[in-house]
Amino acid sequence: MSEEKVEVKRKLIEDGKRRDGRGPEDIRPLHFEVRVLKNANGSALVQYGNTKVLAAVYGPRDPGARSMALPHRAVLRCRYHMAPFSTHERKSPAPSRREIELSKVVREALEPAVITESFPRTAIDIFIEVLNADGGTRTAGITAASLALADAGIPMRDLVAAIAVGKVDGVLVLDINEEEDMYGEADMPMAFMPSLGLITLIQLNGTLSEEEFWSAIELGLKGAEKVYEAQKEALRKRYASVEQV
Amino acid sequence: MEEVGITSAILDIRAPYKGILPASEIAGKQYNPAQEPLINLVSPGDIYLAKIERFDLTRDPLLTLKGKDLGRIVDGILIEIVPTRIPRIVGKKKSMLDMLIKETQCQVVPAANGRILIRGCPSSDHEAIAINAIKIIENTPYIQGLTEKIREYLVIEKVRRGLVRGEG
Amino acid sequence: MSITPVDIPVIPALKRTAILNLLSRSQRIDGRSPSDTRNIEISLGVIPNANGSAHVKLGLTQVIAGIKAEIGSPFQDTPNMGNLIVNAEFVPLASPTFEPGPPDERAIELARIIDRSLRDVRAIDLEKLVIIPGRKVWNIFIDIYVIDHDGNLVDASSIATLAALLSAKIPRASVNQDKGEVILDPTIATRSL
């Protein structure tokens, strides 16, 4: 078993090429589409390579229970969840502790962007479903949720663009996939509001030196800017197409 | 109307907040809930044309029925479009709306929340072309002369359906 | 305990009469005749991590079915048969009336309807799913994910399930006599329908 692991580790990056052929700063192919669902007020389907995530927003709407409302702003309710068929081994549909933690992490990454004061005493519900998991599901989820919020017409300070940076065989790489996450030395998901130059999420799994940490943030920001462009393009495409009827 | 309470009813106004219609608006200033429960006078499912009398961010919007043509709606059909398209349905100086009413011979009442009431049509065909025309306006982007195009559509449809004898 | 639904949006009375009026003239509100179905779109293989998958659009209703095959022990009373497990999730993003939580009565009923539609006609020969009789069999998990509810979830789910099953690929399992199985590259699984 451990022999196999070392063998895999040795080959994660060779001659500057990762196992899937990418260079250290290459993001996987991005496919973003907005308004993919009829019922939700806003929705988005986001793919980073094989990681495929669907996000939907309902609201601002009646919270349903007095205790769930705040008098001066909207409340965000966020649910990150993985479909049973999204992972290599079937996952029970019941929320795991990881999904509960990620629901909180994702909500906190989105809160700074939403202008909640516009809709006091309401709730904005954000649902993220991971349809296929290949690393970076929470960052894809945040990116998708941000698009869904925009699609729902909810006023935002900026879009939130998220991406993860990892360290494999000592090299910092952008947008790690599942294999690189499992066998690498570090995994750092990040979320940014690029126009405002603000960070809304940093988490770190593994170890990075202080210098590596700051380089990783820079690398992450570069990646997030590409994600941001793709988000804006998806919104433009959707609303421009109305002009062609 | 979604819920009927003791002294007011709650209406869905297609917004993040619910509209509150006080019983006094429905049954008059002299209304006494002890004498006649509100639920005897109105029911969930009823539709009203109402105005928002007051709204601030600390309370749900307050509705009123005081005004011309406001009140319970008993006939016609209600359709919903994206609220941002309502100005197109009305048009500059009500030009589009007036044209729709004239050509379809229906009463067309658009509301700011995207709901449109169509009633009093001479036939179900008239109603159908009114609905189709509105759907077309909803899905057509801004172009010059849209009012004319819709008018043409309505005239052609009326001839096709045999509603008029060779007009235009 | 099953309770009359309380969270269904109130249909305006006018809409109700409009629907009934149209029906009395054999028309429906979206222009279809009573015997017209909506447009059906099927995409296969949408979930790379699943053994088989299908995304079905029935009009605006959208359902994804995912098949996961796992090796496990057979049920005690059927030691020489593999197993079919059908689950349906009505995820909250599909409709304002879906709450987060374990499958409610609607989801459970749907799953059981789809299950019966496969089991009773023996759509899958469960005996072919045995690897080591009495010890190891294939458990086929069918997960129905409703992602946009615009009516007729049963038909959409049924089409998605069948499409996913028909296009599913399961690795060929060969038995290492000592204990484990050696899984070779994925090959087409035989499904007798």
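Residues numbered from 1 in each chain as written. Chains lettered and ligands numbered in written order. Predicted model: local features only at pLDDT ≥ 70, side-chain atom pairs only at ≥ 80, totals over all residues. Heavy atoms only, no water.

What follows is about the overall build of chain C. In terms of regular secondary structure, chain C is built from 3 helices and 8 strands. Listing every helix and strand of chain C by position from the N terminus yields α-β-β-β-β-α-β-β-α-β-β. With 193 residues in all, chain C has 41% of them scored as buried. Counted over contacts in chain C with a minimum sequence separation of 6, partners at least 24 positions apart contribute 64%. In the form shown here, chain C has an accessible surface area of approximately 10700 Å², with 54% of it arising from carbon and sulfur atoms. Across chain C, the mean location of the 20 positive side-chain charges is 3 Å away from that of the 22 negative side-chain charges. (Helix = DSSP H or I, 4+ residues; strand = E, 2+ residues; numbered from the N terminus. Buried < 20%, exposed > 50% of the residue type's maximum accessible area, 1.4 Å probe, protein only. Contact = heavy atoms within 4.5 Å. Areas by Shrake-Rupley, 256 points an atom, 1.4 Å probe, with all protein chains shown as cover. Lys, Arg positive; Asp, Glu negative; His and termini not counted. Charge placed at Lys NZ, Arg CZ, Asp CG, Glu CD.)

Attention shifts here to the environment of Tyr 145 of chain C. Within the secondary structure layout, Tyr 145 of chain C lies in strand 6 (residues 136-148). Here the alpha-carbon distance between Tyr 145 of chain C and Gly 66 of chain C, two residues 79 residues apart in the chain, equals 7.9 Å. Side-chain polar atoms of Tyr 145 of chain C contact the side chain of His 81 of chain A, separated by 2.9 Å. (Polar contact = N/O pair within 3.5 Å; in protein donor to acceptor, adjacent residues only side chain to side chain.)

Attention shifts here to the sheet that holds strand 10 (residues 115-119) of chain B. All names here are of chain B. Within the open sheet, the 3 strands sit side by side as 8-10-9. Their pairing is antiparallel. A strand with exactly one partner marks an edge of an open sheet, and here the two such strands are strand 8 (77-80) and strand 9 (107-110). The average undirected angle you get between the axes of adjacent strands in this sheet is 20°. As paired strands, strand 8 and strand 10 are joined by 4 bridges and run antiparallel to one another. Across the sheet, residue Ile 79 finds its bridge partner in strand 10, namely Ile 116. (Pairing = 2+ DSSP bridges. Axes fitted to C-alpha atoms, helices over the stretch in contact; angles between N-to-C directions.)

This next bit is on the domain arrangement of chain B. The parts lose accessible area when they come together, and the size of an interface is often stated as this lost area. Residue and element names in this part refer to chain B. Segmenting chain B into domains produces domain 1 (3-72) and domain 2 (77-160). On a C-alpha basis, the centroid separation for the pair domain 1 and domain 2 is 28 Å. Of the roughly 590 Å² buried at the junction of domain 1 and domain 2 (both faces included), carbon and sulfur atoms supply 49%. Of all residues in domain 1, Arg 14, Ile 47 and Leu 49 bury the most surface against domain 2, accounting for 73% of the area lost on that side. The salt bridge involving Arg 115 is made with Asp 12; its shortest N-O contact spans 2.4 Å. If you look at where domain 1 meets domain 2, you find 5 residue pairs in polar contact (both at pLDDT 80 or more). Among the residues making up the side of domain 1 that touches domain 2, the classes are represented as 3 nonpolar, no polar and 2 charged. (Domains from an automatic or database assignment. Buried area = accessible area lost by both parts, 1.4 Å probe. Salt bridge = Lys/Arg side-chain N within 4 Å of Asp/Glu carboxyl O. Nonpolar A, V, L, I, M, F, W, Y, C, P; charged D, E, K, R; others polar.)

The next point concerns the environment of Thr 207 of chain A. All names here are of chain A. Mapped onto the fold, Thr 207 is located in the loop between strand 12 (205-206) and helix 5 (210-241). The spacing of Thr 207 and Glu 229 is 22 residues in sequence and 30 Å in space, taken between C-alpha atoms. Non-local contacts of Thr 207, meaning those with residues more than four positions away in its chain, are made with Lys 167, Glu 185 and Ala 186.

Time to look at the pattern of salt bridges. A full pass over the atoms with the stated rule returns 42 salt bridges over all chains. Taking the shortest distance from any N to any O, the salt bridge between Glu 108 of chain A and Lys 104 of chain A comes out at 2.9 Å. Of this pair, Glu 108 of chain A and Lys 104 of chain A are both found in helix 2 (residues 97-110), 4 residues apart, which corresponds to roughly one turn of the helix. With a relative accessible area of 46%, Lys 104 of chain A lands in the partly exposed category. Between Lys 18 of chain B and Glu 2 of chain B there is a salt bridge whose closest N-O contact spans 3.2 Å. Separated by 16 residues along the polypeptide, Lys 18 of chain B in strand 3 (residues 18-22) and Glu 2 of chain B in the segment before strand 1 (3-4) bring together distant segments of the chain. Glu 2 of chain B sits in the partly exposed class, given a relative accessible area of 25%.

Let us now look at the sheet that holds strand 7 (residues 123-132) of chain A. All names here are of chain A. Overall, mixed pairing links the 5 strands, which are arranged 3-4-5-7-6 in an open sheet. The open sheet has two edge strands with one neighbour each: strand 3 (30-34) and strand 6 (75-82). Within the sheet, the average angular offset between the axes of one strand and its neighbour, ignoring direction, is 15°. Here 8 bridges tie strand 6 to strand 7, and the two strands are oriented parallel to one another. Across the sheet, residue Leu 76 finds its bridge partner in strand 7, namely Ile 124. Relative to the sheet, helix 2 contacts strand 6 and strand 7, its axis offset from that of strand 6 by approximately 140°.

So, on to the interface of chain B and chain A. With 13 residues of chain B at the contact, the number on the chain A side is 13 residues. Together, the buried faces of chain B and chain A total about 880 Å²; carbon and sulfur atoms form 53% of this surface. Taken as a group, Pro 16, Tyr 17 and Pro 141 of chain B account for 53% of the area that chain B buries against chain A, more than any other trio of residues on that side. The interface formed by chain B and chain A includes 1 salt bridge. In this structure, the salt-bridge partner of Arg 121 of chain A is Asp 60 of chain B, at a minimum N-O distance of 3.1 Å. Linking chain B to chain A there are 4 residue pairs in polar contact (both at pLDDT 80 or more). Looking at the side of chain B that touches chain A residue by residue, the classes come out as 5 nonpolar, 3 polar and 5 charged.

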